[in-house]
Amino acid sequence: MNQIVEAFRHSQDMLFSALDGHDSDAIFEASQKLSNAAAQLGTIDKSELEPNLRPLLSEADELMQASIYRLRFLRDHSSTRLQLLAGWRESQANTYSGAASSR
């Protein structure tokens, strides 16, 4: 049981590192590993959970919230960058429309 909880915690650390590095491949890989670790964690009977693991799981919950905030930040940051790359100005993007091609 300790190994399952520790694997879950390690997977969270990997996701944090990937998020902080803005590495999309690493984020995807870490997300997959975290998903697998979470599935294994879900198989644990909570009544059999060792008392010394409870604080670790509480910390894991806080880290999940922090991951969500980081993902939201990256989403907003990426959206802003895409808008800038698309030439977003004055509520209108410069696109390859028919009007633009007639110039």
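Residues numbered from 1 in each chain as written. Predicted model: local features only at pLDDT ≥ 70, side-chain atom pairs only at ≥ 80, totals over all residues. Heavy atoms only, no water.

Undergrad: Report on the overall build of the protein, specifying residues and quantitative values.
TA: Regarding its fold elements, the protein presents four helices and zero strands. Listing each helix as α and each strand as β along the protein from the N terminus yields α-α-α-α. Split into buried and exposed, the 103 residues of the protein put 21% on the buried side. Intrachain contacts of the protein at a sequence separation of at least 6 include 68% that bridge at least 24 residues. When the accessible surface of the protein is split by element, carbon and sulfur atoms take 52% of a total near 7,700 Å². (Helix = DSSP H or I, 4+ residues; strand = E, 2+ residues; numbered from the N terminus. Buried < 20%, exposed > 50% of the residue type's maximum accessible area, 1.4 Å probe, protein only. Contact = heavy atoms within 4.5 Å. Areas by Shrake-Rupley, 256 points an atom, 1.4 Å probe, with all protein chains shown as cover.)

Undergrad: Give me the lowdown on the packing of helix α1 (residues 2–21) against helix α3 (residues 54–85), citing residues and values where you can.
TA: The geometry of α1 relative to α3 is characterised by a closest axis approach of 10 Å and an angle of 25 degrees between their N-to-C directions. Relative to α3, the element α1 is oriented roughly parallel. Where α1 crosses over α3, the two elements pack in a sense that is left-handed. Here Val5, Phe8, Arg9, Gln12, Leu15, Phe16, Leu19 and Asp20 of α1 come into contact with α3, specifically with Leu56, Leu57, Glu59, Ala60, Leu63, Met64, Ala66, Ser67, Arg70, Leu71 and Leu74. Across the contact of α1 with α3, the residue classes break down as 13 nonpolar, two polar and four charged. (Axes fitted to C-alpha atoms, helices over the stretch in contact; angles between N-to-C directions. Parallel < 35°, antiparallel > 145°, perpendicular 65-115°, else oblique. Left-handed = near helix turned anticlockwise from the far one by under 90°. Nonpolar A, V, L, I, M, F, W, Y, C, P; charged D, E, K, R; others polar.)

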